[in-house]
Amino acid sequence: MFSNFDFDVIRRSLAYLFYEGMTFTLTLTALSALGGLAFGTLIALMRLSGLRLLGRIAGLYVDFMRSLPLVLVIFWFYFLVPYLGQWLTGSSRPIHVGAFASSLITFIMFEAAYFSEIMRAGIQSISKGQPAAAQALGLTYGQTMRYVVLPQAFRNMLPVLLTQTIVLFQDTSLVYVLSITDFLGAASKVAQRDGRLVEMYLFAALVYFTISCFASFGVRRLQARIAVIR
Amino acid sequence: MNYHWNWHIFFEPNPGGSGTYLDMLLSGLWLTIETALFAWVIALVLGSIVGVIRTLPSKAAAWFGFAYVEFFRNMPLLVQLFLWFFVLPELLPRAWGLWLKQLPHASFYTAGVGVGLFMSARVAEQLRAGIGALPRGQKQAATALGLTTAQVYRYVLLPMAYRIVLPPLTSEFLSTIKNTAVAITIGLVELTGEARAMQEFSFQVFEAFTAATVMYLLLNLVVVTLMRLLERRVAIPGYISGK
């Protein structure tokens, strides 16, 4: 079954796969996770702000994003971002947006919906007495969140946030639908150029599997270490 | 914005000759539903088996369940679909591989099985959590009554566990529907695929995607409503979800 395998095709393309492909994948994952977390925290704060309208808008956004397939959202933003850019900059024609910027915006907006639900659970896990005590000390809303609530919420939710980031890492492979050279895109391009689909796709699967496995193992270790004993 | 909106595009004939553009999208919606149901049956059956296996006292069984879940959870769905679609036929004996490649609607079956296996690992984890949430005494009491292991699961643990995990299973089913869109990469023209095709033929990008978006939202709404009804029907009085 492996007799007519050409393992050399993998060795030949290693540099391309990792320097071009994996760099794109990891950069996109890291920046989307950070952006998604920042934006998601903002959405969570909006939902918990107690202001009816703000909460409704945030809730609608989360429900909306979470009921659409990521592939459709990727297409949406790919076509929408040039027009949004035109509208924002006031130029006369849709602006040109690169593949990386377009997918980064997509993933930040999409993941924010998922990260916001995690942060909301994290904020709600803090006992009511803490913000009350902070207020009694004279801290403003911003200070209460910044120094009391969010650091604890973030710490409590860190394992879940990291697990979501592993999911995000796997999901970035979907930029394939825009023919972008992420790790899978690079593997697929070599596969089609050399007619070596079996070797390349098996290798890509192995790499994704190994990275995700190690990452989730690390998260499990971390979870055991940082768990607060109550 | 100097985008030229044309909402009448839906009632213009599509280049495929199969009615209007709206018909095209509706046939995509139908294929999405079919693929999702097919995948869901596989996910539910295999997920239940693996979920139960993970709670058995046997070490070997628990290890198998763990390996199964890790295997399907640590690879992107897209890569898994590629493995089933492009790689599997090459690794099988020649005659089988040829049969697989010539199978009519190959992308439909691959998508159903691929998404089904991917989701089965998640269903298994949910069901394991559900069984784990039951008090230990239930299993012990059932065993003390002389029930075999199979009977303990069939009559005592599973009826309760399924009720507990019904809400998370609803979101897993919604994920299944959304995940069928990934099959666009192996040539399955479901709802997202039809919207993309409509965009390419008619150049009305935003109308096509808006229609697909609305259809996905409605589909979600229908599923959530039906599952709420089911939850209420099977709820047991005395529990939080009961009356």
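Thresholds, definitions, all that
- Residues numbered from 1 in each chain as written.
- Chains lettered and ligands numbered in written order.
- Predicted model: local features only at pLDDT ≥ 70, side-chain atom pairs only at ≥ 80, totals over all residues.
- Helix = DSSP H or I, 4+ residues; strand = E, 2+ residues; numbered from the N terminus.
- Contact = placed C-beta atoms within 7 Å.
- Buried ≥ 20, exposed ≤ 12 C-beta atoms within 10 Å, placed from the backbone.
- Nonpolar A, V, L, I, M, F, W, Y, C, P; charged D, E, K, R; others polar.
- Axes fitted to C-alpha atoms, helices over the stretch in contact; angles between N-to-C directions.
- Parallel < 35°, antiparallel > 145°, perpendicular 65-115°, else oblique.
- Left-handed = near helix turned anticlockwise from the far one by under 90°.
- Core = buried A, V, L, I, M, F, W, Y, C linked by C-beta atoms within 7 Å.
- Expected span 1.5 Å × (residues − 1).
- Bend = angle between axes of the 7 residues up to and from the residue.
- pLDDT = per-residue confidence, 0-100.

Caption draft 1: Molecular detail of the overall build of chain B. Per the secondary structure count, chain B includes ten helices and zero strands. Mapped in sequence order, the helices and strands of chain B form the string α-α-α-α-α-α-α-α-α-α. Along the three orthogonal principal directions, the C-alpha set of chain B runs to about 70 × 55 × 30 Å. Looking at chain B alone, contacts between residues at least 24 apart form 71% of all its contacts between residues at least 6 apart.

Caption draft 2: Summary view of the overall build of chain A. Each helix and strand counted, chain A has eight helices and zero strands in total. Ordered by position from the N terminus, the helices and strands of chain A form the series α-α-α-α-α-α-α-α. Principal-axis analysis of the C-alpha atoms gives chain A an extent of 75 × 55 × 25 Å. Scored against the burial criterion, the 230 residues of chain A give a buried share of 37%. Taking the contacts inside chain A whose residues are at least 6 apart along the sequence as the reference set, 73% of them involve residues at least 24 apart.

Caption draft 3: Broad picture of the environment of A:Ala99. Residues and elements named next belong to chain A. Structurally, the position occupied by Ala 99 is in helix α4 (residues 99-124). Its 16 C-beta neighbours within 10 Å are what place Ala 99 among the partly exposed residues. Distance from Ala 99 to Ile 118, taken between C-alpha atoms, is 28 Å for residues 19 residues apart in sequence. When residues no more than four places from it in sequence are discounted, the contact partners of Ala 99 are Leu 178 and Ile 180.

Caption draft 4: Representation of the environment of B:Ile9. All names here are of chain B. Here Ile 9 is to be found in the segment before α1 (21-55). We classify Ile 9 as partly exposed; it has 19 C-beta atoms within 10 Å. Residues Ile 9 and Phe 82, spaced 73 residues apart in sequence, show a C-alpha to C-alpha distance of 34 Å. Contact partners of Ile 9, with chain neighbours within four places excluded, come to Tyr 21, Ser 202, Gln 204 and Glu 207.

Caption draft 5: Main features of the interface of chain B and chain A. Counting residues at the interface gives 28 residues for chain B and 30 residues for chain A. For the side of chain B that touches chain A, the elements supplying multiple residues, two or more each, are α3 (77-91), α9 (191-202) and α10 (205-234) of chain B. If you tally residues by element for the side of chain B that touches chain A, the top one is α3(B), at eight residues. Class assignment for the residues of the side of chain B that touches chain A results in 19 nonpolar, five polar and four charged.

Caption draft 6: Just the packing of helix α5 (residues 129-136) of chain A against helix α6 (residues 141-171) of chain A, in detail. All names here are of chain A. Their axes nearest at 10 Å, the elements α5 and α6 cross at an angle of 135°. Considered as vectors, α5 and α6 are oriented oblique to each other. The interaxial crossing formed by α5 with α6 has right-handed handedness. Facing Gln 130, Pro 131, Ala 134 and Gln 135 of α5, the residues of α6 in contact are Thr 144, Val 148 and Val 149. Residue composition of the contact of α5 with α6, grouped by class: four nonpolar, three polar and no charged.

Caption draft 7: Main features of the packing of α1(B) against helix α5 (residues 106-132) of chain B. All names here are of chain B. Two elements in contact, α1 and α5, have axes whose closest approach is 5 Å; the angle formed by their N-to-C orientations is 40°. With respect to the hand of their crossing, α1 and α5 are arranged in right-handed fashion. Its residues placed into classes, the contact of α1 with α5 shows 17 nonpolar, nine polar and two charged.

Caption draft 8: View of the nonpolar core. In this structure, A:Val71, A:Ile74, A:Ala187 and A:Ala204 are the most contacted members of the largest nonpolar core, which totals 108 residues. What A:Val71 contacts, discounting residues up to four positions off in sequence, is A:Leu174, A:Val177, B:Ala181, B:Val182, B:Ile184 and B:Thr192.

Caption draft 9: Region of the structure containing α3(B). Its 15 residues give α3(B) an end-to-end C-alpha distance of 20 Å, which sits within 8% of 21 Å, the value for a rise of 1.5 Å per residue. A bend of about 35° at B:Trp84 is the largest found in α3(B). Residues of α3(B) that are buried in the fold lie against α7 (183-194) and α8 (197-226) of chain A together with α4 (94-102), α5 and α8 (166-179) of chain B.

Caption draft 10: Looking closely at the confidence of the model for chain B. On average, residues of chain B carry a pLDDT of 91, and 97% of them reach 70 or more. Scored as a whole, the predicted complex attains pTM 0.90, and scored at its interfaces, ipTM 0.89.

Caption draft 11: Structural view of unusual backbone geometry. Positioned with a positive phi, A:Ser179 is a non-glycine residue whose angle comes to about 55°. Mapped onto the elements, A:Ser179 comes out in the loop between α6 and α7. In this structure, B:His105 is a non-glycine residue whose phi angle is positive, near 55°. By the secondary structure assignment, B:His105 is in the loop between α4 and α5.

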